[in-house]
Amino acid sequence: MRIAKTLVASLLAGLAQLAAAQSASPAITGPVSLIVPYPAGGASDITARIFAEPVGRELNTQVIVENIGGATGAIAAQKMLNAPPDGRVFYQGSQNEIILPPLTIRSTRYKSTDFEIVHPITTTRLVLVVRNNLPATTLQAFVDLARARSATEPLSYGSPGIGSLYHLVPDSMAKLADVRYVHVPYKGGAPLMLDLIGDRIDFTVMAFSTTMLPQEQAGQFRIIANMSRDKPRELAHLPSVSDLPVFRDVDYASNAAYYVKKGTPPAIRQLLNTAIGNVVASPAIIRALEGDGRRVPARMSIADAERFFESEIAKYQRVVQLTGFSPLD
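Because the structure is predicted, anything quoted here is derived from the model rather than measured.

Asker: Pulling in residues and values, what's your account of the overall build of the protein?
Answerer: A tally of regular secondary structure across the protein gives 12 helices and 9 strands. Referenced to the eigenvectors of the C-alpha coordinate spread, the extents of the protein come out at roughly 100 × 40 × 35 Å. The buried share of the protein, taken over its 329 residues, is 50%. Sequence separation of 24 or more characterises 77% of the internal contacts of the protein that already satisfy a separation of 6 or more.

Asker: Let's hear about the packing of helix α2 (residues 43-59) against helix α10 (residues 266-280): which residues, and what values?
Answerer: One can describe the packing of α2 onto α10 by two numbers: an axis separation of 9 Å at closest approach and a directional angle of 130 degrees. As the angle between them shows, α2 and α10 are arranged oblique. At the point where α2 passes α10, the crossing takes the right-handed sense. Residues F51, P54, V55, E58 and L59 of α2 pack against L271, L272, A275, I276, N278, V279 and V280 of α10. Along the lines of polarity and charge, the residues of the contact of α2 with α10 split into 10 nonpolar, 1 polar and 1 charged.

Asker: Outline unusual backbone geometry, supporting the account with residue identities and numerical values.
Answerer: Phi at A71 takes a positive value of approximately 55 degrees, unusual for a residue other than glycine. Residue placement: A71 occurs in the loop between β2 (63-67) and α3 (74-82).

Asker: So what's going on with the pairing of β2? Residues and values would help.
Answerer: Here 5 bridges tie strand β1 (residues 32-36) to β2, and the two strands are oriented parallel to one another. Bridge assignment links I35 to a residue of β2, and that residue is E66. Crossover handedness for the path β1 to α2 to β2: right-handed.

Asker: Requested: an account of the side chain of T108, with residues and values cited.
Answerer: Assignment of secondary structure puts T108 in the loop between α5 (100-104) and β4 (115-131). The class for T108 is buried, based on a relative accessible area of 17%. In contact with T108, other than residues within four places in its own chain, are P101 and P102.

Asker: Explain the packing of α2 against helix α11 (residues 283-290) to me, and be specific about the residues and the numbers.
Answerer: The interhelical angle for the contact between α2 and α11, taken along N-to-C directions, is 175 degrees, at an axis separation of 11 Å. The orientation of α2 with respect to α11, classified from their angle, is roughly antiparallel. Of α11, the residues touching α2 (which contributes T47, I50, F51 and P54) are I285, A288 and L289.

Asker: Quick rundown of the pattern of salt bridges? Include the residues and the values.
Answerer: Where side chains of opposite charge bring their charged atoms close, a pairing between them can arise. Scanning the entire structure with this criterion turns up 17 salt bridges. Note that R269 and E306 form a salt bridge whose closest N and O atoms lie 2.9 Å from each other. Note that R269 is positioned in helix α10 and E306 in helix α12 (residues 302-323), a separation of 37 residues in sequence. Among the residues examined, E306 registers a relative accessible area of 31% and is labelled partly exposed. Taken together, the shared-partner salt bridges connect R131, R149, E153 and D202 into one network.

Reading guide: rules and limits
- Per chain, the residues get numbers from 1 upward, laid out in the order the sequence is written.
- With the structure being a predicted model, the display of local features is reserved for residues of pLDDT at least 70 and the display and counting of side-chain atom pairs for 80 or more, all residues being used for whole-chain, interface and lining totals.
- The basis for every side-chain value is the complete set of non-hydrogen atoms in the structure, without hydrogens or water.
- Each helix is a run of H or I in the DSSP string that is no shorter than four residues. Each strand is a run of E no shorter than two, and both are numbered from the N terminus.
- Each residue is placed in one exposure class: buried if its accessible area under a 1.4 Å probe, protein chains only, is under 20% of its type's maximum, exposed if it is over 50%, and partly exposed if it falls in between.
- A contact between two residues is defined here by any heavy atoms of the two lying within 4.5 Å.
- Throughout, an axis means a line fitted to C-alpha atoms (over the contacting stretch in the case of helices), and angles, computed between N-to-C directions, take values from 0 to 180 degrees.
- In these notes the angle categories are as follows: under 35 degrees is roughly parallel, over 145 is roughly antiparallel, 65 to 115 is roughly perpendicular, and the rest is oblique.
- Here a crossing is taken to be left-handed if its near helix is turned anticlockwise relative to the far helix by less than a right angle, and right-handed if that turn runs clockwise.
- Each residue gets one of three labels, nonpolar for Ala, Val, Leu, Ile, Met, Phe, Trp, Tyr, Cys and Pro, charged for Asp, Glu, Lys and Arg, and polar for the others, Gly among them.
- Pairing between strands is defined by DSSP: at least two bridges between them are needed.
- When the strands point away from the viewer, a crossover counts as right-handed if the route from the first strand across the helix to the second turns clockwise.
- By definition here, a salt bridge exists when the distance from a side-chain nitrogen of Lys or Arg to a carboxyl oxygen of Asp or Glu is within 4 Å.

What follows is the structure in structure tokens.
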């Protein structure tokens with residue numbers, strides 16, 4: 001009888017400890033806002049909506065996509081940074097919204113270190129795109145043409161904003177090749193593409209999507225090189241810019257990740273990391289994103305994600321220094 005009572009007491013104590021542990025487990029209560037710094041319907045928004053439902057299932061709550069465009073992501077970023085650091089608001093961003101604005105715009109009210117990375121979600125490769133009748137059909141011919149015209153009639157390129165990734169990448173290439181380009185800034189990608197197709201600018205660097213391929217086949221423009229060493233399978237036949245010795249260190253892509261406000265409790269951040277890590281490992285998610293030409297990273301620990309974020313910050317600090325870009329007021 002004494003043994004039976006001891007076993008029952010031990011069992012009850014074990015159940016009590018389990019219940020206490022479960023009650024102490026971190027959880028995010030109520031709906032979660034996933035802030036996207038661009039309007040609905042674009043590539044960033046589509047990515048967020050692919051992630052929202054499965055991440056919500058992992059967290060056992062609803063994830064609501066909130067689109068806040070404007071000021072290269074700064075308005076959206078500020079909304080997250082004004083919220084309590086409790087994991088109920090997180091941000092989908094890349095170096096274009098988190099790292100570059102504090103380096104290129106003096107009025108930016110945040111620093112990249114105000115964010116804590118949770119988990120990378122996609123890599124979108126960048127490509128060098130030229131107008132269809134530019135007399136350069138290869139990467140080497142493009143560089144030769146840029147050098148030949150540098151002094152008298154420099155090649156022109158468009159970007160969706162001064163100080164953006166798509167401005168600084170071509171500018172850094174110009175410094176490396178010792179050539180001069182004319183930068184033409186646009187308010188968005190749509191007018192830029194209209195001018196490229198209309199032969200009013202010579203080239204641009206843009207994020208690759210498989211939706212570009214029918215346009216290229218229709219003769220609207222030509223993709224002549226990958227900006228990263230890691231190529232989408234659809235463009236495996238094209239060179240990487242780094243294949244040329246003058247650009248051997250060039251390796252650029254748009255790396256999106258999820259971030260929370262600095263000071264978020266480590267247990268909540270780990271909860272989000274686990275949930276998003278489970279989603280990026282999902283074959284269905286991988287198929288959906290890679291079908292558009294993107295790459296989904298492998299699951300990362302928070303420590304691995306932090307090392308990735310630190311390397312990105314260092315890379316784009318070097319890019320800004322290389323170009324000699326003066327921050328805007």
